[in-house]
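The lines below spell out each chain.
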Amino acid sequence: MMRTIKDIQIEGKRVFIRCDFNVPKDEDGNITDDRRIREALPTIRYCIDRDCKVILGSHYERPEPGKYEEKYSLAPVVRRLTRLLKIADDIQLASDVVGPDAQAKAAALQGGEVLVLENLRYEAGETKNDMAFAKALASMADVYINDAFGACHRAHASIDAMARLYDKEHKAAGFLLAKEVKFFEKTLEDPVRPFVAVVGGSKVSGKLEALRQLLDKVDKIIIGGGMAFTFLKAQGFEVGNSLVEDDLLDEARTVMIKARKEGVKFYLPVDVVCASEFSESGIAKYLPTQEIPKGWMGLDIGPASSRLFREVLNDAQTIIWNGPMGVYEMDKYAKGSMMMSHYIAETHATTIVGGGDTADVAQRAGDVDEMTFVSTGGGASLNLIEGKKLPGIEALKA
Ligand code: AMP
């Protein structure tokens, strides 16, 4: 069992919390979805209330290591965090990560105060899991808390090496991390049936292992998105210029055979929204999947597929959803994903939405509050479904 922050002594101590503040921003630099910041609040408040000197660390996007570019600064996050925490004192932002400013500000912290370090990835040591960098981070804190579920699948310095510098009495999972892991584990181990997996997104290759694992657990699988075309082609259909991974046709066939053997119902789209080019400007039309013209490509599931999938979901008691049904970034091909989000939200099932793109779809569709659980981590949640061990969680247990 993973220890949580409640299992260790933190009163009055210097506590480092690894958060995942990698929130989406628009072209003007405004935060468009602050869920990751809001979900980090319980752990931060818990530490403030126990008079801790709180130091927060997070990465933000992918700056070139060693370069402090302003567009990757955590300043907007700190402003939002200050608002959300509603505490009298300002939250401080260090101008570096482990440099003189961070060290000085950390040393001056009083109980109940919060300091945010600059983007961890400004330092090359972060993604290299560098021990010297981890030690520099650890020199500022007595206790290490990991609350960054979305980053746990990466063996980076603030996730892996740093955690290993603390013994069991001085490291633990924050509330958000503990909640996310428990939710996935419980659902995958003991789901209320029928258990349906809805899988979409661009490629089979990224989700092949997850599909294999899901076959052993679920009662039905619905496939949408670009990955459907590899399965359709494997069944012998002409799919035109749709996204296909030719080297995975055999794998796709094996998955479908295994589904049949294990009695798992396997559903593919019966119609698609087709276009002659990958853009919103040309003509698009609905066509049965067996009639995709040469040179055309399927960019979303069609209305008949939406209706079919809705019926498949009708009796579901547990639904796990990972991956959009089409190129939802373009309005013209977003309908299948939006409808899927509504249908899933409408059921009485326990509904779990994998992070990343899928959470983005649910958010755009206005369905987040209707879902039982929307994960903050796309890659990390996929790894849990695949049955893989996450470096961040292993380092906490070590
Ligand atoms: P993934 O990262 O594998 O979950 O895939 C998400 C991406 O898949 C999104 O950016 C979608 O635009 C893309 N996608 C979904 N359906 C299709 C499709 N039919 N053709 C091409 N790309 C797609």
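Residues numbered from 1 in each chain as written. Predicted model: local features only at pLDDT ≥ 70, side-chain atom pairs only at ≥ 80, totals over all residues. Heavy atoms only, no water.

### Let's talk about the domain arrangement of the chain
- Taken domain by domain, the chain comprises domain 1 (5–179) and domain 2 (191–385).
- Once you take the C-alpha centre of each, domain 1 and domain 2 turn out to be 35 Å apart.
- Counting residues at the interface gives 11 residues for domain 1 and 13 residues for domain 2.
- Inspection of the domain 1/domain 2 interface yields 0 salt bridges. (Domains from an automatic or database assignment. Contact = heavy atoms within 4.5 Å. Salt bridge = Lys/Arg side-chain N within 4 Å of Asp/Glu carboxyl O.)

### Quick notes on unusual backbone geometry
- Of the consecutive residues Arg193 and Pro194, the connecting peptide bond is found in the cis state with omega at 0°.
- Within the secondary structure, Pro194 is located in the loop between helix H5 (175–189) and strand E7 (195–199).
- One non-glycine residue, Asp51, adopts positive backbone phi at about 60°.
- One can find Asp51 in the loop between helix H1 (35–49) and strand E2 (53–57). (Helix = DSSP H or I, 4+ residues; strand = E, 2+ residues; numbered from the N terminus.)

### As for the packing of aromatic side chains
- Here the structure, examined in full by the defined rule, presents 8 aromatic pairs.
- When the centroid spacing of 4.3 Å and the interplanar angle of 10° are considered together, the rings of Phe183 and Phe373 count as stacked. Of this pair, Phe183 sits in helix H5 while Phe373 sits in strand E15 (residues 373–374), placing them 190 residues apart in sequence.
- For Phe373, a relative accessible area of 6% translates into the label buried.
- The interplanar angle of 80° and the centroid separation of 6.2 Å between the aromatic rings of Phe184 and Phe373 together place this pair among those described as edge-to-face. Pair noted here: Phe184 is in helix H5 and Phe373 is in strand E15, with a separation of 189 residues, a long-range link.
- Assessed through its relative accessible area of 2%, Phe184 is described here as buried.
- An aromatic cluster is built from Phe149, Phe183, Phe184 and Phe373, whose rings are joined through pairwise contacts.
- Over the face of the ring belonging to Tyr46 we find Arg50, whose NZ or CZ atom lies 3.7 Å from the ring centre. (Phe/Tyr/Trp six-rings, centres within 6.5 Å; stacked < 30°, edge-to-face > 60°. Buried < 20%, exposed > 50% of the residue type's maximum accessible area, 1.4 Å probe, protein only. Lys NZ or Arg CZ within 6 Å of the ring centre and 35° of its normal.)

### A look at the sheet that holds E7
- Across the sheet, 6 strands lie side by side as E9-E8-E7-E13-E14-E15; this open sheet has parallel pairing. Sheet topology places strand E9 (265–267) and E15 at the edges, where each strand pairs with a single neighbour.
- As paired strands, strand E13 (residues 318–322) and strand E14 (residues 350–353) are joined by 4 bridges and run parallel to one another. Paired with Ile319 across the strands is Thr351, a residue of E14. (Pairing = 2+ DSSP bridges.)

### Quick word on the site of the ligand
- Among the 14 residues in the neighbourhood of the ligand, the closest are listed as Ser202, Lys207, Gly298, Glu329 and Asp357.
- Between the ligand and the protein, one listed contact pairs a nitrogen atom with a backbone N or O atom of Gly226 at 3.1 Å.
- Between the ligand and Glu329 there is a distance of 2.4 Å, counted from an oxygen atom to a side-chain nitrogen or oxygen.
- Calculation on the ligand without its partners gives an accessible area of 500 Å², and the protein chains cover 78% of this total. (Near = heavy atom within 4 Å. Polar contact = N/O pair within 3.5 Å; in protein donor to acceptor, adjacent residues only side chain to side chain. Areas by Shrake-Rupley, 256 points an atom, 1.4 Å probe, with all protein chains shown as cover.)

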